[in-house]
Amino acid sequence: MTDVATTSIHDDVSEILLGEEEIRQRVGELGRELVERYADRDPVLVSVLKGSLVFLADLMRSMEMPVSIDLMEVSSYGAGTESSGQVRIIKDLSQPIEGRHVIVVEDIIDTGLTLNYLLKYLADKGPASVSIVCLLDKPARRLAEIPIDHVGFTIPDRFVIGYGLDYDERYRNLPYVGVLKPSVYGGAEPVE
Ligand code: 5GP
C-alpha cells in the first residue's frame, strides 16, 4: 500500500486544554443541573451556530427530559480572532419564544459583547425566563457583564479551537478543546 501523506488537523494544536473525557463528564453534569432546574418547565434550548453545535448535541442528549431546540446564527463584524461587538443576525429563531423558558447554549464567552446583544434581542420577544449555559468562560477580556448561570470550564485568555470552535471555519471537528498555534494566525509564540 502506498503511504499517502495527509494533513492532520491535530498538527496546528499547540496544547490540549480540555480532553474528550473531561468534556464529556462536565457536559453530563451541566445536563443534570439543567434537568433539576427546569423539571416540568418545558424549556427551549436556543443555540448560537456554528460554534455551539457540538456542545448542544452533547448537552441535549445528557438532559433526560422533554426539551425543544432552536438555532440562531449571528456574525460579529470583525476579522480573525477578535470580536467587535457589532452583531448581525444571519439566522433567526424559527419558533416564537413568548412565554417560554429559554436556555441559551453558548460555546464560549469572551468579551461578552455578542451575548449582550443577543440577550437584549431575546428579551424583547417576551420569554418567561432566559438563562445561559456556556461551555467555556474566558473572563480575562470581558467588556459586558453577563450573568452566566451554568459554566462548563473557565479558561485562560488563549485562542481555542475544537469541539465546535473554529479558526477560519476549520478545526470544529477536533474532539477536544485545544490551543491553536499562534503561527497559524500570524501571531508570535508565547514566551514561556
Ligand atoms: P464575544 O462576543 O464574547 O467576545 O465572543 C463570542 C464569540 O467569539 C464566540 O461565540 C466565538 O464564536 C468567538 N470566540 C471568542 N473567543 C474564541 C476563542 O478562543 N476561539 C474561537 N474559536 N472563537 C472564539
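Structure: above.
These remarks concern the structure in this document. (Residues numbered from 1 in each chain as written. Predicted model: local features only at pLDDT ≥ 70, side-chain atom pairs only at ≥ 80, totals over all residues. Heavy atoms only, no water.)

## Regarding the side chain of Asp 70
Stage number 1. Here Asp 70 is to be found in strand β3 (residues 68–76).
Stage number 2. A polar atom in the side chain of Asp 70 sits 2.9 Å from the backbone nitrogen of Ser 94. (Helix = DSSP H or I, 4+ residues; strand = E, 2+ residues; numbered from the N terminus. Polar contact = N/O pair within 3.5 Å; in protein donor to acceptor, adjacent residues only side chain to side chain.)

## Some thoughts on the nonpolar core
Stage number 1. If you look at the biggest cluster of nonpolar residues, it comprises 25 residues, and the most contacted ones within it are Phe 55, Leu 59, Val 133, Leu 136 and Val 160.
Stage number 2. For this core, the secondary-structure elements that each account for two or more residues are α1 (20–38), α2 (53–61), β5 (101–109), β6 (129–137) and β9 (177–180).
Stage number 3. Per element, the largest residue contribution to this core is 5 residues, and it comes from α1.
Stage number 4. Sequence-distant contacts of Leu 136, defined by excluding residues within four places in its chain, comprise Leu 18, Asp 107, Ile 108, Ile 109, Phe 153, Ile 155, Val 160, Leu 165 and Val 177.
Stage number 5. Counting residues in hydrophobic clusters, the runner-up holds 19 residues, among them Val 44, Leu 122, Cys 134 and Ile 146. (Core = buried A, V, L, I, M, F, W, Y, C linked by side-chain atoms within 4.5 Å. Buried < 20%, exposed > 50% of the residue type's maximum accessible area, 1.4 Å probe, protein only. Contact = heavy atoms within 4.5 Å.)

## Focus on the site of the ligand
Stage number 1. Taken together, 16 residues sit near the ligand, with Thr 111, Thr 114, Lys 138, Val 160 and Asp 166 positioned nearest.
Stage number 2. Within the backbone of Arg 158, one N or O atom sits 3.5 Å away from an oxygen atom of the ligand.
Stage number 3. Here Asp 166 contributes a backbone N or O atom positioned 2.7 Å from a nitrogen atom of the ligand.
Stage number 4. Counting only elements with at least two residues in the shell around the ligand, the list comes to β5 and α3 (113–123).
Stage number 5. No other element matches β5, which puts 4 residues into the shell around the ligand.
Stage number 6. A class-by-class count of the residues in the shell around the ligand yields 6 nonpolar, 4 polar and 6 charged. (Near = heavy atom within 4 Å. Nonpolar A, V, L, I, M, F, W, Y, C, P; charged D, E, K, R; others polar.)

## Details of the pairing of β6
Working note: regular strand, side chains alternate between the two faces of the sheet.
Stage number 1. With respect to burial, β6 is a largely interior element, 8 of its 9 residues being buried.
Stage number 2. Both β5 and β6 contribute to a ladder of 8 bridges, which runs parallel. Considered in β6, the bridge of Ile 108 is made with Leu 136.
Stage number 3. On the question of chirality, the crossover connecting β5 to the parallel β6 by way of α3 is right-handed. (Pairing = 2+ DSSP bridges. Right-handed = clockwise from strand over helix to strand, strands pointing away.)

## So, the pattern of salt bridges
Stage number 1. A full pass over the atoms with the stated rule returns 13 salt bridges.
Stage number 2. A salt bridge links Arg 37 to Asp 149; the nearest nitrogen and oxygen atoms lie 3.5 Å apart. One end of the pair, Arg 37, is in helix α1; the other, Asp 149, is in the loop between β6 and β7 (150–154), with 112 residues separating them in the sequence.
Stage number 3. Between Glu 169 and Arg 172 there is a salt bridge, with its nearest N and O atoms 2.9 Å apart.
Stage number 4. Its relative accessible area of 46% is what places Glu 169 among the partly exposed residues.
Stage number 5. Bridged by salt links that share partners, the residues Lys 50, Asp 166, Glu 169 and Arg 172 form one connected network. (Salt bridge = Lys/Arg side-chain N within 4 Å of Asp/Glu carboxyl O.)

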